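Architecture and fold: a report
Read off the chains here:
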Amino acid sequence: MSSHTSEPAPAHVVAPAGGCPHALNAELRARGPVADIVLPGGVPAAVVLGHDALKEFLSHPDVAKDARHCPALNDGTIPADWPLRVFANAQGMHTADGADHRRLRSLVGNAFTARQVERLRPRVEELTAGLLDDLGRAAAEDPEGVADLRTHFALPLPMSVICELLGVDPEHRGRLHDLTYTVIIATDTTPAEVTAAVRELVELLGTIAAARRAAPGDDLTSALIAAREDGGDRLSEAELIGTMRLMLVAGHETTLNLIGNAVRALCTHRDQLALVLEGKATWSDVVDETLRWDGPVSWFPFRYPTRDLSLGGTVIPRGTPVLAGYTAAGRDAAFHGPDADRFDVTRPGAARHLSFGQGAHYCVGAPLARLEATIALERLFTRFPDLDLAVPEAELPHQRSFIGNSVETLPVRPVRPVRPVRLVRPVRA
């Protein structure tokens, strides 16, 4: 794949089931900032692992998002039912370049400005309070005082917010999460499973769009439909569905993982939690350090060099599918210092992580993700300061993915169990 000055290491064969990425990232990063990999299905690719190399790559003028720039995806080399093709085939701002990208981004960008997001604060706080009640109730009803934080809190918060923004009725939300997880996050799925899930997801999004078309509201989907029908050339039907899908996935899966990863980090680093509770660090510091140290997205597909690209001493051939190694860059000691593996909420420069991307494709929803995560964490640990993991962290099942980075379940004990008090009888003289 790539040409090195020294004898190149053999390409790393990516396990479909993924898992915790940090040991693998360290091993590959020790070889250099770019690694040759073989994706499931035997597809040669590359992953950018070093912070400086990734920063350069993400904003490089000779790197494209449009799959037209990947010959293997178009000449029959990669089969039509390859599960990861979903990342190349979707039509939306995440697979567009140049003027097309700017057109599509402008249609949703206004909903995610700092000012617009700040207007959502009261609703996010209201949802958070209700979900904390649910979490406390679920734990109280369990004999061990345990509840799954992902199910009761970390998932429904961002899912509710993005669905309200998009005008998605509550009855669709559970199925939407299941489908987007299958299509985008899980990487151990079969071609048939992905094909079926994509078809159902497109149909469901079409149903949601039809409902908003029939009864427009003050929501983003109605606004996108209005843009589509305004002259008919601002947004195709495929772009409408692709944009809705992107907003849904990016609007909840990443924030779900961010909240879960921050809770795990704080529960296993009680000294860091104490610093925040004592006011020596902020909840924004927690969010940034989590994004750096254990980001919600590990290796994200795809970008394609439009010419042979030299990066960190490695040449990535034109048209190679390249993944952005966000979790790897976050722990790059060359940039973050020799203690990059340590979770430290007082770390200077943690906010210079790349987990929201870089350049033209910088995450449009970053202000919303920050708002949701900071409110969620502050209210969670204010309400339940003794909240802790209910099982050892090493026993938590990791997502079956090399794209998403979190655990599948997060059982917590919100309240410290009360030990029965033994009454000691006074000894008579």
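Here the structure is a predicted model, which means the values were calculated and not measured.

1. Quick notes on the overall build of the protein chain
When helices and strands are counted, the protein chain shows 18 helices and eleven strands. For 429 residues, the compact-globule estimate of 2.2 N^0.38 gives 22 Å, and the protein chain sits close to it at 23 Å. For the protein chain, buried positions account for 54% of its 429 residues. For the protein chain, the exposed area adds up to about 18,800 Å²; of that, 53% sits on carbon and sulfur atoms. Charged side chains of the protein chain number 44 positive and 54 negative; the gap between the two group centres comes to 4 Å.

2. Describing the packing of helix H13 (residues 237-268) against helix H14 (residues 270-277)
The angle between the axes and the distance between the axes are what describe a pair of packed helices. Two elements in contact, H13 and H14, have axes separated by 5 Å at closest approach and are oriented at 105°. By the angle between their axes, H13 is roughly perpendicular relative to H14. Residues Leu 266, Cys 267 and Thr 268 of H13 form the contact with H14, whose own contacting residues are Arg 270, Gln 272 and Leu 273. In terms of residue class, the contact of H13 with H14 is made up of three nonpolar, two polar and one charged.

3. Describing the sheet that holds strand E1 (residues 12-13)
Pairing is mixed in the open sheet, where six strands are placed in the order E1-E2-E3-E9-E6-E4. Each end of this open sheet is capped by a strand with a single partner; those strands are E1 and strand E4 (63-64). Relative to strand E6 (residues 299-305), E4 is paired through two bridges, and the arrangement is antiparallel. The residue bridging Ala 64 from the neighbouring strand is Tyr 304, located in E6. Packed on one face of the sheet, helix H1 (residues 22-29) meets E1, strand E2 (34-39) and E6 and runs near 35° to E6. Seen against the sheet, helix H2 (residues 51-58) touches strand E3 (43-48), E4, E6 and strand E9 (322-325) and runs at an angle of roughly 130° to E9.

4. Overview of H1
Every buried residue of H1 is accounted for by His 22, Asn 25, Leu 28 and Arg 29. For H1, the buried positions fall inside an angular range of 130° around the axis, keeping them on one side. Looking at the buried residues of H1, the elements they touch are E1, E2, helix H15 (283-293), E6 and helix H16 (326-330).

5. Overview of the state of the cysteines
Tallied over the full model, the rule gives zero disulfides. Just so you know, Cys 267 is unpaired, no disulfide at all, and the nearest cysteine sulfur is the one on Cys 20, 17 Å from it.

6. Re the nonpolar core
Membership of the largest hydrophobic core comes to 116 residues, with the highest contact counts inside it found for Leu 39, Leu 149, Val 263, Leu 380, Phe 381 and Leu 387. Among the elements that take part in this core, H13 stands out by supplying 15 residues, more than any other. Aside from chain neighbours lying at most four places away, what touches Leu 149 is Leu 135, Ala 154, Val 263, Leu 380, Leu 387, Leu 410 and Val 412. Judged by nonpolar contacts, the second largest core, of 17 residues, contains Leu 54, Val 63, Val 297 and Tyr 326.

7. Notes on the sheet that holds strand E10 (residues 388-389)
Taking strand neighbours across the sheet as the criterion, the three strands line up as E5-E11-E10 in an open arrangement whose pairing is antiparallel. In this open sheet, the two edge strands, each paired with only one partner strand, are strand E5 (147-148) and E10. Relative to strand E11 (residues 411-413), E5 runs antiparallel, the two sharing two bridges. Paired with Asp 148 across the bridge in E11 is Pro 411.

8. Points about the pattern of salt bridges
Inspection of the entire model under this criterion finds 29 salt bridges. A salt bridge links Arg 175 to Glu 200; the nearest nitrogen and oxygen atoms lie 2.8 Å apart. Of this pair, Arg 175 sits in helix H10 (residues 173-185) while Glu 200 is found in helix H11 (residues 191-214), placing the two residues 25 residues apart along the sequence. Given the relative accessible area of 39%, Arg 175 is considered partly exposed. Two residues, Arg 370 and Asp 288, come together in a salt bridge whose shortest N-O distance is 2.9 Å. Of this pair, Arg 370 sits in helix H18 (residues 366-383) while Asp 288 is found in helix H15, placing the two residues 82 residues apart along the sequence. Each member of the salt-bridge network shares a partner with another, and the members are Glu 289, Arg 292, Asp 339, Arg 342, Asp 344 and Arg 347.

9. Some details on the environment of Gly 217
By the secondary structure assignment, Gly 217 is in the loop between H11 and helix H12 (220-229). Along the primary structure Gly 217 and Gly 167 are separated by 50 residues, whereas in three dimensions their C-alpha atoms are 7.4 Å apart.

10. Things to note about helix H9 (residues 156-166)
Across the eleven residues of H9, ten count as buried, placing the element largely inside the fold. Inspection of H9 places Pro 156, Leu 157, Pro 158, Met 159, Ser 160, Val 161, Ile 162, Cys 163, Leu 165 and Leu 166 among the buried residues, and these make up the whole buried set. Two residues or fewer past H9, Gly 167 is found with a positive phi of approximately 75°.

11. A look at the side chain of His 252
Among the structural elements, His 252 can be located in helix H13. In this view, His 252 contacts Leu 155, Pro 158, Met 159, Ile 162, His 177 and Thr 180; residues no more than four positions away in its chain are not counted.

12. Describing the pairing of E3
Counting buried positions along E3 gives five out of six residues, so the element sits mostly inside the fold. Where E2 meets E3, six bridges bridge the pair, whose relative direction is antiparallel. Residue pairing in the sheet places Val 34 in a bridge with Val 48 of E3. Linking E2 to E3, which pair antiparallel, is a turn of three residues; within it Gly 41 sits at a positive phi near 95°. Judged from the three bridges that link them, E3 and E9 form a sheet pairing that is parallel. If you follow Val 47 over to E9, its bridge partner there is Leu 323.

Reading the values: the criteria
Residues numbered from 1 in each chain as written. Predicted model: local features only at pLDDT ≥ 70, side-chain atom pairs only at ≥ 80, totals over all residues. Heavy atoms only, no water. Helix = DSSP H or I, 4+ residues; strand = E, 2+ residues; numbered from the N terminus. Rg over C-alpha atoms; globule rule 2.2 N^0.38 Å. Buried < 20%, exposed > 50% of the residue type's maximum accessible area, 1.4 Å probe, protein only. Areas by Shrake-Rupley, 256 points an atom, 1.4 Å probe, with all protein chains shown as cover. Lys, Arg positive; Asp, Glu negative; His and termini not counted. Charge placed at Lys NZ, Arg CZ, Asp CG, Glu CD. Axes fitted to C-alpha atoms, helices over the stretch in contact; angles between N-to-C directions. Parallel < 35°, antiparallel > 145°, perpendicular 65-115°, else oblique. Contact = heavy atoms within 4.5 Å. Nonpolar A, V, L, I, M, F, W, Y, C, P; charged D, E, K, R; others polar. Pairing = 2+ DSSP bridges. Arc of directions from axis to C-beta. Disulfide = S-S within 2.5 Å. Core = buried A, V, L, I, M, F, W, Y, C linked by side-chain atoms within 4.5 Å. Salt bridge = Lys/Arg side-chain N within 4 Å of Asp/Glu carboxyl O.

Nothing here speaks to function; it is geometry throughout.
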